[in-house]
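# Examination of the molecular architecture
Now for the letters of each chain:
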Amino acid sequence: MSDPAIAVATQQILMAAQHPEQQPVVKTFFDEKTFTASHVVHDPQTLIAAVIDSVLDYDPASGRIKYDSAQKIVDYVRAEKLQVAWQLETHAHADHLSAAPWLQEQLGGKLGIGANIVEVQKVFGKIFNADTRFARDGSQFDHLFVDGEQFKLGNLNAIALHVPGHTPADMAFIIGDAAFIGDTLFMPDYGTARADFPGGDARMLYRSIRRLLSLPAETRLFLCHDYKAPHRDTYAWETTVGAERAHNVHVHEGVSEDDFVNMRTSRDATLALPNLIMPSVQVNIRGGHMPEPEDNGTSYIKIPINKL
Ligand SMILES: [Fe+2]
């Protein structure tokens, strides 16, 4: 589909979502260790649900994983009698491990991510010198979403938009009147996602953000992270297109592409890498599965020296 056709399809979904029966219920689970907001979104008519950007608890010192965060999602889904159709990832995260495979075992649902994950797999497959058992074709996922792909969540209309920049594979999932925009925009008082990971691009991020900000002002936006902002002491993960346009400290209306790129690039140069980037990337490019076990049956996380 062409860009204008995608814009029309998106507008139609958001227009239809003015009716309350096209408005999903969203429950968010916030992980304070990684500042990640995982969302469970469902159609109140059919109780069909999607889990977006789940978190697997990982202790880097011991190499131990736990399912406490993911269990909270399981408990909620069971208590609300939801039927999970999708486990969605907005992108291959660099700051937390995905719990999607474990949640699939508990709750079902197809694992979906953006089709450009193959580019991320190629880049990081090389950095981590993965052997040929690591397929760089997205086959670890059940479904690869392309830009403008429409789908249903129960009776709710939904569309996937490709919003690269933070990584080459970022997607935004618009479900009814709610857009799950991953790491593009953060809360208006905090700004935007970094664009300096391998394959990231600040100019591309600006264009993706402008695309999101062209949605109707009342569109609900659900973010993947929050770090609080100066003068704010509670976490927040929901805002609107209108609020971002008016107040986003990095990219409000009137900020030019070049100004944004200069700001983003110089700010990124000052940022340390996320604590969990090494394990996160190795696991998340495998759809949340641990690297292939060695001949003793154990999976290992590698740390390349002087590569990132
Ligand atoms: Fe991210």
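Residues numbered from 1 in each chain as written. Predicted model: local features only at pLDDT ≥ 70, side-chain atom pairs only at ≥ 80, totals over all residues. Heavy atoms only, no water.

As annotated in an unreviewed UniProt entry, the chain is MBL fold metallo-hydrolase from Acetobacter pomorum.

### A look at the sheet that holds strand β3 (residues 48-52)
Strand pairing within a sheet occurs via backbone hydrogen bonds; the two strands may be parallel or antiparallel. Formally: By definition, two strands form a pair when at least two bridges between them are found by DSSP. Where helices and strands are cited, they refer to DSSP runs of H or I of at least four residues and of E of at least two residues respectively, numbered from the N terminus. Helix axes are fitted only over the stretch in contact, all axes being lines through C-alpha atoms; the angle between N-to-C directions runs from 0 to 180 degrees. Should any heavy atoms of two residues lie within 4.5 Å, those residues are considered in contact.
Here we have six strands laid out as an open sheet, ordered β1-β2-β3-β6-β7-β8, and mixed in their pairing. A single partner strand is all that each edge strand has here, and the edge strands are β1 (25-31) and β8 (143-145). Strand-to-strand twist of the sheet, defined as the mean angle between neighbouring strand axes without regard to direction, takes the value 25°. Relative to strand β6 (residues 83-88), β3 is paired through five bridges, and the arrangement is parallel. Bridge pairing in β6 links A49 to V84. Its contacts with the sheet put helix α2 (residues 68-79) on β1, β2 (36-42), β3 and β6, and the angle it makes with β1 is roughly 160°. Packing against the sheet, helix α3 (residues 100-107) makes contact with β3, β6 and β7 (110-114), and its axis sits at approximately 170° to β6.

### Here's the deal with α2
Quick reminder of the rule: In this scheme, a helix's expected span is set at 1.5 Å multiplied by one less than its residue total. Burial classes: relative accessible area under 20% of the type maximum marks a residue as buried, over 50% as exposed, and values in between as partly exposed (1.4 Å probe, protein chains only). Regarding the arc, it is the one traced by the directions from the helix axis to the C-beta atoms.
An ideal rise of 1.5 Å per residue puts 16 Å on 12 residues; α2 measures up with 16 Å between its terminal C-alpha atoms. Every buried residue of α2 is listed here: S69, A70, I73, V74, Y76 and V77. The buried residues of α2 all sit within an arc of 165° when viewed along its axis, so they share a single face. Pointing more than 90 degrees away from the buried face of α2 are the exposed residues K72 and A79. Those residues of α2 hidden inside the fold are in contact with β1, β2, β3, β4 (57-59), β6 and α3. Looking one or two residues beyond α2, the residue adopting positive phi is K81, at roughly 60°.

### Structural notes on the coordination of the iron ion
Selection rule: In this listing, donors mean N, O and S atoms no farther than 2.8 Å from the metal, or 3.2 Å for Na, K and Ca; water is missing from the atoms, so a site can look incomplete.
Ligation of the iron ion by protein atoms is provided by H91 (NE2), H166 (NE2) and D183 (OD), these donors lying 2.0 to 2.4 Å from the ion. Mapping the donors of the iron ion onto the primary sequence gives the spacing H-x74-H-x16-D. Highlighted residues: H166 in the loop between β10 (156-162) and β11 (171-175) and D183 in the loop between β12 (178-180) and α5 (202-213), separated in sequence by 17 residues. Residues H166 and D183 agree in their burial class; the two are buried.

### Considerations on the UniProt feature "domain: Metallo-beta-lactamase" (unreviewed entry) in the chain
Filter applied, for reference: UniProt positions are given in the numbering used here, feature names are shortened, and annotations may be inferred rather than shown by experiment.
When the UniProt feature table is mapped onto this chain numbering, "domain: Metallo-beta-lactamase" (unreviewed entry) sits at residues 35-225. The span residues 35-225 is 23% helical and 29% strand by assignment, and the distance between its end C-alpha atoms comes to 5 Å.

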